[in-house]
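Residues per chain are reported as follows:
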Amino acid sequence: MSSFSRRHFFSAAAGLAAAASTPRIVFAQASPAAPAAPTGPFAVPPLAYPTNALEPHVDARTMEIHHDKHHGAYVAALNTIAKTNPQLGASAVEDVLGNLNALNDDIKSAVRNNLGGHANHTMFWAIMGPNGGKPEGEVLAAIERDLGGLEKFQTDFNAAGGRQFGSGWVFVTVTRDGKLAIETRPNQDTPIMDGKRVLMGNDVWEHAYYLNYQNRRADYLKAWWNTVNWNKISERYAAAKAGTLGV
Ligand code: MN
């Protein structure tokens, strides 16, 4: 088919469709499926629980938007960068984040933001879940030894998250010998960028809580503890001590 006749064919077909369509069909034609997300080495890890599993503390709509759209945007940006920088997708995330200065200047800032966001959210989905139990064993002992006990730890963690001006995260870092510390970072930065490892963390960007809590970050921080999966955190603690904890 020549290019002229192809144009003629499609314009005729479009005319027929428009003439035959009801308003509902016209609406559907005006809303084509979203283009497929750029594919590449990065992917948003699926949630291990339904999006409504953390209600009422974190609502399903927030989880959907946060997981699919916000984390999805970081992943899409990384896959775009990886098209022209294939080594990005071939390296361990924690290795790239721990050596950002090795990156070319034209991608350094974008990798910092988007790979930091990918690492932070991958950790975040993993350490939440329904029926998350209570801290026990080695993790509880470390909380008592390094953070003044569970109650003081939660109070201090919430206070640090509340003090983080604007967008950012509050983390618990863990050393190879199991020592814990509370640390905050702005934006999508992570202690991994300083060669550290993250045991757990909470997202204090407004997108993490605004639909349900609006400006009440303190209420979100307090309620969020009901969503923590302590079994997963115990696994991460053991991995940190074994030197195998990634993001
Ligand atoms: Mn987030």
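Everything numeric in this text was worked out from a predicted model, so none of it was measured.

Caption draft 1: Inspection of the overall build of the protein at higher detail. A count of helical and extended segments in the protein gives 11 helices and three strands. Listing every helix and strand of the protein by position from the N terminus yields α-α-α-α-α-α-α-α-β-β-β-α-α-α. Here the protein holds 247 residues, and 42% of them are scored as buried. Within the protein, contacts between residues separated by at least 24 positions form 71% of all contacts whose residues are at least 6 apart in sequence. As displayed, the protein has an accessible area near 13100 Å², and 56% of this comes from carbon and sulfur atoms.

Caption draft 2: Looking closely at helix α8 (residues 150–163). Compared with the 20 Å implied by 1.5 Å per residue over 14 residues, the 20 Å span of α8 between its first and last C-alpha is a close match. Those residues of α8 lying buried are F153, F157, N158, A160 and G161. End-on view of α8: buried residues confined to an arc of 160°, all on one side of the axis. Turned more than 90 degrees away from the buried face of α8 sit E151 and R163, all of them exposed. Elements that come into contact with the buried residues of α8 comprise α7 (137–146), β1 (168–174), β2 (180–186), β3 (198–203), α10 (217–224) and α11 (230–242).

Caption draft 3: Main features of the packing of helix α3 (residues 60–84) against helix α6 (residues 105–126). Axis separation between α3 and α6 bottoms out at 9 Å; the angle between their running directions is 140°. The way α3 lies across α6 gives a crossing that is left-handed. Across the interface between the two elements, M63, H66, H67, H71, A73, Y74, V75, A77, L78 and I81 of α3 pack against I107, A110, V111, N113, N114, L115, G117, H118, H121, T122, F124 and W125 of α6. Residue composition of the contact of α3 with α6, by class: 13 nonpolar, nine polar and no charged.

Caption draft 4: Structural context of the coordination of the manganese ion. Of the protein atoms, only H66 (NE2), H121 (NE2), D203 (OD) and H207 (NE2) coordinate the manganese ion, at distances of 1.9 to 2.1 Å. Look at where the donors of the manganese ion fall in the sequence and you get H-x54-H-x81-D-x3-H. You can see H66 sitting in helix α3 and its partner H121 sitting in helix α6, a full 55 residues away along the chain. For H66, a relative accessible area of 1% translates into the label buried.

Caption draft 5: Just the pattern of salt bridges, in detail. The tally for this structure, following the rule as stated, stands at 12 salt bridges. D156 is the partner of K152 in a salt bridge, and the nearest nitrogen-oxygen pair spans 2.6 Å. Taken as a pair, K152 and D156 lie in helix α8 at a separation of four residues, close to a single helical turn. Exposure remark for K152: the relative accessible area of 44% places this residue in the partly exposed category. E183 is the salt-bridge partner of K196, the closest N and O atoms lying 2.9 Å from each other. Of this pair, K196 sits in the loop between β2 and β3 while E183 is found in strand β2, placing the two residues 13 residues apart along the sequence. Judged by its relative accessible area of 13%, E183 falls in the buried class. When salt bridges that share partners are traced, they join E183, R185, D194 and K196 into one network.

Caption draft 6: Layout of the sheet that holds β3. What the three strands build is an open sheet, ordered β2-β1-β3; its pairing is antiparallel. The sheet is open, and its two edges are formed by β2 and β3, each paired on a single side. Averaged over neighbouring strand pairs, the angle between their axes works out to 20° when direction is ignored. Looking at chain direction, β1 and β2 are connected through seven bridges and run antiparallel. Paired with W169 across the strands is R185, a residue of β2. Contacts from α6 reach β1 and β3, with the element oriented near 95° to β3.

Caption draft 7: Summary view of the nonpolar core. Judged by nonpolar contacts, the single largest core of 59 residues is most densely connected at M200 and W224. Considering each element in turn, this core owes the most residues, seven residues, to α6. With sequence-adjacent residues up to four places away left out, M200 is seen in contact with M123, I127, F153, V170, F171, V172, W224, W225, V228, W230 and I233.

Caption draft 8: Summary view of the environment of G243. Relative to the helices and strands, G243 resides in the segment after α11. In sequence terms G243 and R176 are 67 residues apart; their C-alpha atoms lie 6.3 Å from each other.

Caption draft 9: Quick peek at the confidence of the model for the protein. Mean pLDDT over the protein works out to 89, with 85% of the residues at or above the 70 mark. Throughout residues 1–35 the model reports pLDDT below 50, and contacts reaching past four residues in sequence, or to other chains, amount to four contacts.

Criteria and thresholds
Residues numbered from 1 in each chain as written. Predicted model: local features only at pLDDT ≥ 70, side-chain atom pairs only at ≥ 80, totals over all residues. Heavy atoms only, no water. Helix = DSSP H or I, 4+ residues; strand = E, 2+ residues; numbered from the N terminus. Buried < 20%, exposed > 50% of the residue type's maximum accessible area, 1.4 Å probe, protein only. Contact = heavy atoms within 4.5 Å. Areas by Shrake-Rupley, 256 points an atom, 1.4 Å probe, with all protein chains shown as cover. Expected span 1.5 Å × (residues − 1). Arc of directions from axis to C-beta. Axes fitted to C-alpha atoms, helices over the stretch in contact; angles between N-to-C directions. Left-handed = near helix turned anticlockwise from the far one by under 90°. Nonpolar A, V, L, I, M, F, W, Y, C, P; charged D, E, K, R; others polar. Donors = N, O, S within 2.8 Å, 3.2 Å for Na, K, Ca; no water. Salt bridge = Lys/Arg side-chain N within 4 Å of Asp/Glu carboxyl O. Pairing = 2+ DSSP bridges. Core = buried A, V, L, I, M, F, W, Y, C linked by side-chain atoms within 4.5 Å. pLDDT = per-residue confidence, 0-100.

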